[in-house]
Amino acid sequence: YNVCIMAYGQTGSGKTYTMLGPQLEGNLAFPIEEEAELGIIPRATQEVFRLISEKPPGSCWVEVSVVEVYNNEIFDLLAKDSYGKVFGVKRDVVTTREGKSDVPLLTHETVENASEFLHLVNKGLQLRVTHPTLVHAHSSRSHLVVTLTITTVVFGDNFGALWENEQTSQRLNKEASFTFPQKTRDNKSTSSSRASSPEQLEATEKMKQVKTRLQLVDLAGSECVGMSGVTGAALRETSFINRSLSALADVLGAIAEQRAHVPYRNSKLTHLLQDSVGGDAKLLVMLCISPGQKYLTESMQSLGFGTRARQVQRGQVKKKNFPVSSKGK
């Protein structure tokens, strides 16, 4: 199942710190040496790769995308221009025939460890839109969505006994090497006679790829215009931010009340997060609350959002079985 972890709260309440950890002025590098200060995004990524390291090599791989939702438009922060430089490109989100949300042409980079992942996130952060307000000098004006797509090779419907021994692992890795991304493919070529062997055809018939998403979201802060003092373009940004956050609250409310229609398409943000908020997905909302008395109204609004999120009831996640064609003897 998919998982989404997001930080919600007013501007300046600590969402970016919660998700990314301390960001040095003018230097967006993650201070890995300060383990206690790491945010949720680097922590979650380190845990993902720790779990993958316990699997046989080649049985899983991870692809990363980094986007921002700015003024209800989606920008690919890993897209490159004709000179090879990172340059945010506008994308759109669509719903596939299977009812899944998808962003065509979105850049996905294959990463093999947490350091490569954090390097890509840093590149994306360089392009994120910020604007000073009376509440926060480096206020984020967009929602940051970092997605890890984890692909696992599954042999039929047997999740546990696929890699029972090292020899089985090595054999299946070679037989399925053509299914891996270019970065993780085995360089050894396969002979035509081997490719057409009955054993390999039977093995590849049973092999499935299971894709799951981990979406890590640093939401833009909700804010009161009178308190933040924004004008002009920043005022327009605030309008889009508050509308998208209201759309997110409406989606959670519809799910909590088990309505027949959930308004995912009312916002690009909720449409993008559809697969990680609805269905069998697991959602964790981190509420960030400012301690100041003057922010009481905003704090109560954030707690109201959290209450709505807590009302969402999930059924038991069921393991999906993959049918395997059996041959008669």
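Residues numbered from 1 in each chain as written. Predicted model: local features only at pLDDT ≥ 70, side-chain atom pairs only at ≥ 80, totals over all residues. Heavy atoms only, no water.

Undergrad: I'd like a rundown of the nonpolar core, residues and numbers included.
TA: The nonpolar side chains of a soluble globular protein tend to be buried with one another. Residues M6, V217, L219, I255, L272, L273 and F305 are the most contacted members of the largest nonpolar core, which totals 31 residues. The set of elements that each furnish at least two residues to this core consists of β1 (3-9), β2 (60-70), α8 (233-256), α9 (268-272) and α11 (296-310). Considering each element in turn, this core owes the most residues, eight residues, to α8. (Core = buried A, V, L, I, M, F, W, Y, C linked by side-chain atoms within 4.5 Å. Buried < 20%, exposed > 50% of the residue type's maximum accessible area, 1.4 Å probe, protein only. Helix = DSSP H or I, 4+ residues; strand = E, 2+ residues; numbered from the N terminus.)

Undergrad: How would you sum up empty space enclosed by the protein? Please name residues and give values.
TA: Counted under the stated rule, the structure contains two cavities of 30 Å³ or more. If you go around the largest cavity, the residues you meet are V69, Y70, N71, N72, R141, S142, H143, E237, F240, I241 and S244. For the lining of the largest cavity, the secondary structure elements donating two or more residues are β2 and α8. The element contributing the most residues to the lining of the largest cavity is α8, with four residues. For the lining of the largest cavity, the per-class residue count stands at four nonpolar, five polar and two charged. (1 Å grid on protein atoms, 1.4 Å probe; cavity = no way out; pocket = protein on both sides within 12 Å on 5 of 7 lines; lining within 4 Å. Points joined across faces, edges and corners; volume = space filled by probe spheres on them. Nonpolar A, V, L, I, M, F, W, Y, C, P; charged D, E, K, R; others polar.)

Undergrad: Please set out the pairing of strand β11 (residues 207-218) residue by residue, giving values where relevant.
TA: With five bridges joining them, β1 and β11 adopt parallel strand pairing. Looking across to β11, one finds that C4 is bridged to Q215. (Pairing = 2+ DSSP bridges.)

Undergrad: Can you tell me about the pattern of salt bridges, naming the residues and giving the values?
TA: Tallied over the entire structure, the rule returns seven salt bridges. Here D76 ties to R91 by a salt bridge, and the two come within 3.5 Å at their closest N and O atoms. In this pair, D76 is assigned in strand β3 (residues 73-76) and R91 in strand β4 (residues 89-91), connecting sequence segments 15 residues apart. Residues D76 and R91 agree in their burial class; the two are buried. Among the salt bridges present, the one from R259 reaches E257, with a minimum N-O distance of 2.8 Å. Judged by its relative accessible area of 41%, R259 is partly exposed. Because the salt bridges share partners, they merge into one network encompassing E47, R50 and E54. (Salt bridge = Lys/Arg side-chain N within 4 Å of Asp/Glu carboxyl O.)

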